[in-house]
Amino acid sequence: MSAASKSAGLNKTVRQHYLSLAQGAVCLVTYIWIDETGENLKCKTKTLNTEPAGLQDIPEWATAWSTDGRLVEVLLIPVRMFRDPFILDPNKLVLCEVLDSNRVPIVVMCNQRSQCDKIMEEVKEFQPWFGMEQEYTLFDLDGQLIGWLPRESQETQGFNRVVAGRLYGRNICISHCKACLYAGVKICGTNAEAIPGQWEFQVGPCEGTEIGDHLWVARYILHRVCEDFGVIASLDPKPSGVNSGTSGCHTNFSTKEMRGEGGLKHIEESIQRLSKRHSQHLRVYDPHGGQDNIHRLTGLSSTSHFHEFSTATACRDVSVRIPVHVSQKGCGYLEDRRPASNCDPYAVIRALAETCLLSTTEEDEDGSV
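Report follows, based on the coordinates. Model, not experiment: these values are computed from the prediction.

**Quick look at the overall build of the protein**
Right, on to step 1. The number of helices and strands found in the protein is 11 helices and 13 strands.
Right, on to step 2. The buried share of the protein, taken over its 369 residues, is 50%.
Right, on to step 3. Put simply, the protein shows about 16,900 Å² of open surface, and 51% of that area lies on carbon and sulfur atoms.

Right under this line is the structure:
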């Protein structure tokens, strides 16, 4: 076992003494932002004299940012506030957008929120709702799948299973869910996935950009919970050392028309539009221009084929699915099963809104996303 693994296993009850100390009227606010890679999160904490009633009470802050091989100073602009489930009330978590020194959003892979917000403003009359299903895989600090020995089969957990010895990490899943609920994250469910130590949580429904804010903070909370348990949550779409099984971030999407009577017609029209921009969507459905999904979308393990668009009702090896209850009811939502587990939710929902709500059925694969 590595030194890091031993350190993670130290008795954490000692920490409770310090957490129980009175802090007076002050409030600790942890600023969270997406880093330069577009995949990872960073944070730092500021002490405020009083508990903030809203974003207007949380000051902007500066931080270092790596660009073109040099460090520059950028601004952290609070955009969404949550309760802190780790050091508890009155302390806060605040998700931030990153602006450059001229107060312009840094529009690169790591900062898609501002562009997404503009599109959501254009389509707000449609009342777009989103739900995202975040899959993740748990590893110990030595890079081993938790609960799995090298000689054992990886096909032992199974969807939604309740079997001692074949299910690993439930305490982490439950702790994460409770922490999200405390924080105010719109987590709406959890379940075990197909391979040992693989789990899923769902966030939503949320309207517009809100889904991206809540999913990113749910990811932050997941990583913090895993720190306490001495494990690592991987969002890799094809986790290292896993022979079969992949991780995605299936995205559910609907509009007011889709949710209303006769909405199935509008769902099918949106799927037709999506079929014409398949390659464009795949380029933004993982942070590496589709390279992650090439290895994930193989037609195996309930995935579709990367190079082919497909759709069906009550079928899970397709690009876009119409759930069986939606088909029977005649209204509801569609499920885009192509986004990878490490996707940027802002990029995903922006692409869905642009294609389904701002394009026409005549546009072909030359259309931009």
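**A closer look at unusual backbone geometry**
Right, on to step 1. Note that the residue after Asp-89, namely Pro-90, is joined by a cis bond; omega there is 10°.
Right, on to step 2. Counting through the fold element by element, Pro-90 comes out in the loop between β4 (70–83) and β5 (92–99).
Right, on to step 3. Cis geometry marks the peptide bond from Gly-204 to Pro-205, where omega comes out at -5°.
Right, on to step 4. In this model, Arg-103 sits at a positive phi of 65°, which is unusual for a non-glycine residue.
Right, on to step 5. Positionally, Arg-103 belongs in the loop between β5 and α3 (113–122).
Right, on to step 6. Positive phi values are uncommon outside glycine, yet Gln-127 reaches one of about 50°.
Right, on to step 7. Take Gln-127: its relative accessible area is 31%, and that puts it in the partly exposed class.

**Points about helix α5 (residues 210–229)**
Residues lying three or four places apart along an α-helix face the same way, a consequence of the helix completing one turn every 3.6 residues.
Right, on to step 1. With 20 residues, α5 ought to run about 28 Å at 1.5 Å a step, and its terminal C-alpha atoms sit 29 Å apart, in line with that.
Right, on to step 2. Most of α5 sits inside the fold, with 15 of its 20 residues counted as buried.
Right, on to step 3. Note on α5: the residue one or two positions beyond its end, Gly-230, has a positive phi of about 70°.

**A few points about the nonpolar core**
Right, on to step 1. Of all hydrophobic cores here, the largest spans 65 residues; its most connected members are Tyr-136, Leu-138 and Ile-221.
Right, on to step 2. Considering each element in turn, this core owes the most residues, 10 residues, to α5.
Right, on to step 3. If you count residues domain by domain, this core takes at least three from each of domain 1 (22–106) and domain 2 (118–357).
Right, on to step 4. Among residues more than four places away in sequence, those in contact with Ile-221 are Pro-85, Phe-86, Leu-93, His-176, Ala-179, Cys-180, Ala-183 and Val-185.

**Let's talk about the pattern of salt bridges**
Right, on to step 1. The final tally for this structure, using the stated rule, is 14 salt bridges.
Right, on to step 2. With its nearest N and O atoms 2.9 Å apart, the salt bridge here joins Asp-336 to Arg-338.
Right, on to step 3. Residue Asp-336 is classed as buried on the basis of its relative accessible area, which comes to 0%.
Right, on to step 4. The closest approach of N and O atoms between Arg-350 and Glu-354, which form a salt bridge, is 3.5 Å. Here the residue Arg-350 and the residue Glu-354 both occupy positions in helix α11 (residues 345–358), the gap between them amounting to four residues, near one helical turn.

**Regarding the side chain of Thr-137**
Right, on to step 1. Along the polypeptide, Thr-137 turns up in strand β6 (residues 129–140).
Right, on to step 2. In contact with Thr-137, not counting residues within four places along its chain, are Leu-145, Ile-195, Pro-196, Gly-197, Gln-198, Ile-232, Ala-233, Ser-234, Pro-239 and Ser-247.

**Points about the pairing of strand β3 (residues 61–67)**
Right, on to step 1. Pairing analysis gives seven bridges linking β3 to β4, with the strands arranged antiparallel. Bridging across to β4, Trp-61 finds its partner in Leu-76.
Right, on to step 2. Hairpin connection of β3 to β4: two residues between the antiparallel strands, including Asp-68 at a positive phi of 55°.

**Considerations on the sheet that holds strand β2 (residues 41–48)**
Right, on to step 1. Taken together, the five strands give an open sheet; going across it, the order is β2-β1-β5-β4-β3, and neighbouring strands pair in mixed fashion. Looking along the sheet, the strands with just one partner apiece sit at the ends: β2 and β3. On average, each strand axis in the sheet is inclined to that of its neighbour by 40°, with strand direction left out of account.
Right, on to step 2. Where strand β1 (residues 27–34) lies against β5, four bridges are found, and the strand directions are parallel. Bridging from a neighbouring strand, Thr-30 pairs with Leu-93 of β5.

Cut-offs used in this document
- Residues numbered from 1 in each chain as written.
- Predicted model: local features only at pLDDT ≥ 70, side-chain atom pairs only at ≥ 80, totals over all residues.
- Heavy atoms only, no water.
- Helix = DSSP H or I, 4+ residues; strand = E, 2+ residues; numbered from the N terminus.
- Buried < 20%, exposed > 50% of the residue type's maximum accessible area, 1.4 Å probe, protein only.
- Areas by Shrake-Rupley, 256 points an atom, 1.4 Å probe, with all protein chains shown as cover.
- Expected span 1.5 Å × (residues − 1).
- Core = buried A, V, L, I, M, F, W, Y, C linked by side-chain atoms within 4.5 Å.
- Domains from an automatic or database assignment.
- Contact = heavy atoms within 4.5 Å.
- Salt bridge = Lys/Arg side-chain N within 4 Å of Asp/Glu carboxyl O.
- Pairing = 2+ DSSP bridges.
- Axes fitted to C-alpha atoms, helices over the stretch in contact; angles between N-to-C directions.

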